[in-house]
Amino acid sequence: MKEINWKTKFEPFKIKMTEPVAVTTAARRLRVLKKACFNPFNIPAENVTIDFLTDSGTGAMSHTQWGALMTGDESYAGARSFYKLQNAVQSITGCKYVLPVHQGRAAERILTGLIAAQKPGQTIVSNAHFDTTRANVEANRMEALDIPVKESYDFAKPAPFKGNIDIAKLKKIIKEKGAADIPLVIMTVTNNTMGGQPVSMANIREAAAVCRAAGIPMFLDCARFAENACFIKQREKEYAKISPLEIAREMFSYAQGCWMSSKKDALVNMGGFLAFKRDGAWAQKAREALILGEGFLNYGGMSGRDMEALAAGLMEGLDENYLAYRLESTRYLGEGLLAAGVPIINPPGGHAVYIDVKKFLPDFKQARFPAQSLVCHMYKTGGIRAVEIGMLMFGRRDAKGNWMPADIELVRLAIPRRVYTKSHLDYVIEVMAHIAKNKKEIKGVKVVWAPQSLAHFSAKLAEV
Ligand code: F0G
């Protein structure tokens, strides 16, 4: 019989445990939003119907992972669970020296701290730093420089690998600044800041060659490495028949080290690691910093059971059927929004769909926080929680304290892993189609109070 590809036609899991989602009324949502000062970060989750705030730590674990939790070894030193995690990380990344941390930014703090201690005036270059990576680089008085390819700035025009680093710019920067002042190149896979877009194997390979020639280490910020591997399989011809695990191994083979916020592709709610190929000065300093700030070498910031679930999740996250479903569900939501007249970063990324608000609401007053206004309106209309990437998140204010407009106004709908079904996505598409037909209902907002840094998390706003 002829084989038909049914793989992506259904969720490749069944549901053993359920949790109710909030079914709310318009009056209740308005009350909740007002109480939250028009900032969805302040909304208690039990009032949210579909929570697309982040894909980080919000996924559902499998029965294998829940079973693994019970086998956790909580020994302080030499826990069996640590060796299991170490084996899994070594097997995928080829990095022999593995340091467990409680989440991604702990690895960033350790790595940027030890690099900054080398000398002042250094620049770290990336296809794009994630917010916390940038914040850690800058907190250590270094420069964080993003050089994504120019296709990534054209939101509407699809391209297969809009997460790539600009190789010509990388060479130019190394030449201008000198390799001695560039201690690290970071390849973020997938590229969260630029729309969750994938990085091609060719680009990773080429960047690695440039770095090697200049003597600069290249690390992967690999929070979503499995999704990236699946994109490579789908879009880079010579990888069509290779497993995501083998593709991932090749991705890591070009790097000297990596760190992972395991709350994403490793399918756990908390956890991470930092890993090195070589036991050099960086690995040694990182171990010292780990013990100082996170915990002993064999658990970092994690309990034994967490390391068990993480070891299992790392491998499960590379399952081909799961990954095909994962990318298909993001694509389904993205295409659905496009068809409903909502412009997005096209094609949709791996973990999220990003609405291009400047294009969606071209006449909306810049000073009224267009993306934040849309985020509020989505909650009011359908209990959907998403996140603004625009002038509130960038947080720039002039000398008089006036909020400055941003180059981009996006709303990110990040999809938790294995949590929502296709009918949940259909519901979101329906709500967004309704909003697209009734744009006039969207009310602008203004900031009433905000802290100086990372304003978007706790700012208080009001409708105007
Ligand atoms: N690197 C990337 C690419 C990330 O997306 C994140 C987190 C981190 C590092 C930091 O890891 O949260 O475990 O400390 N991203 C989340 C998000 C918060 O919503 O995109 P963490």
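Since the model is a prediction, treat every value here as computed from it, not as a measurement.

Student: Tell me what's going on with empty space enclosed by the protein, and back it up with residues and numbers.
Tutor: A complete count under the given rule lists two cavities of 30 Å³ or more for this structure. By volume, the largest cavity is sized at about 60 Å³. In terms of lining, the largest cavity is formed by N39, P40, F41, Q372, V375, A386, V387, E388, L392 and H456. At the level of secondary structure, the elements contributing two or more residues to the lining of the largest cavity comprise helix 14 (370–382) and strand 11 (387–389). Partitioned by chemical class, the residues of the lining of the largest cavity number six nonpolar, three polar and one charged.

Student: Describe the domain arrangement of the protein chain, naming the residues involved and giving the relevant values.
Tutor: The assigned domain composition of the protein chain is domain 1 (6–55 + 319–463) and domain 2 (63–316). In this structure, domain 1 and domain 2 have C-alpha centres spaced 27 Å apart. Taken residue by residue, the interface counts 26 residues in domain 1 and 30 residues in domain 2. Regarding the contact of domain 1 and domain 2, the summed buried area is about 2,300 Å², with carbon and sulfur atoms giving 56% of it. Connecting domain 1 to domain 2 are six salt bridges. A salt bridge links D55 to R224, with the shortest nitrogen-to-oxygen separation between them at 2.9 Å. Across the domain 1-domain 2 interface, the total number found is 16 residue pairs in polar contact (both at pLDDT 80 or more).

Student: I'd like to hear about the site of the ligand, residue by residue, with values.
Tutor: Among the 16 residues in the neighbourhood of the ligand, the closest are listed as T54, R105, S261, K264 and R412. Side-chain polar atom of R224 to an oxygen atom of the ligand: 2.9 Å apart, as the coordinates give it. In the model, a nitrogen atom of the ligand is placed 2.9 Å from a nitrogen or oxygen of the K264 side chain. Burial of the ligand by the protein amounts to 94% of the accessible area it has alone, namely 470 Å². With three residues, the single largest contributor to the shell around the ligand is helix 4 (residues 104–116). Classifying every residue of the shell around the ligand gives one nonpolar, eight polar and seven charged.

The rules we used
- Residues numbered from 1 in each chain as written.
- Predicted model: local features only at pLDDT ≥ 70, side-chain atom pairs only at ≥ 80, totals over all residues.
- Heavy atoms only, no water.
- 1 Å grid on protein atoms, 1.4 Å probe; cavity = no way out; pocket = protein on both sides within 12 Å on 5 of 7 lines; lining within 4 Å.
- Points joined across faces, edges and corners; volume = space filled by probe spheres on them.
- Helix = DSSP H or I, 4+ residues; strand = E, 2+ residues; numbered from the N terminus.
- Nonpolar A, V, L, I, M, F, W, Y, C, P; charged D, E, K, R; others polar.
- Domains from an automatic or database assignment.
- Contact = heavy atoms within 4.5 Å.
- Buried area = accessible area lost by both parts, 1.4 Å probe.
- Salt bridge = Lys/Arg side-chain N within 4 Å of Asp/Glu carboxyl O.
- Polar contact = N/O pair within 3.5 Å; in protein donor to acceptor, adjacent residues only side chain to side chain.
- Near = heavy atom within 4 Å.
- Areas by Shrake-Rupley, 256 points an atom, 1.4 Å probe, with all protein chains shown as cover.

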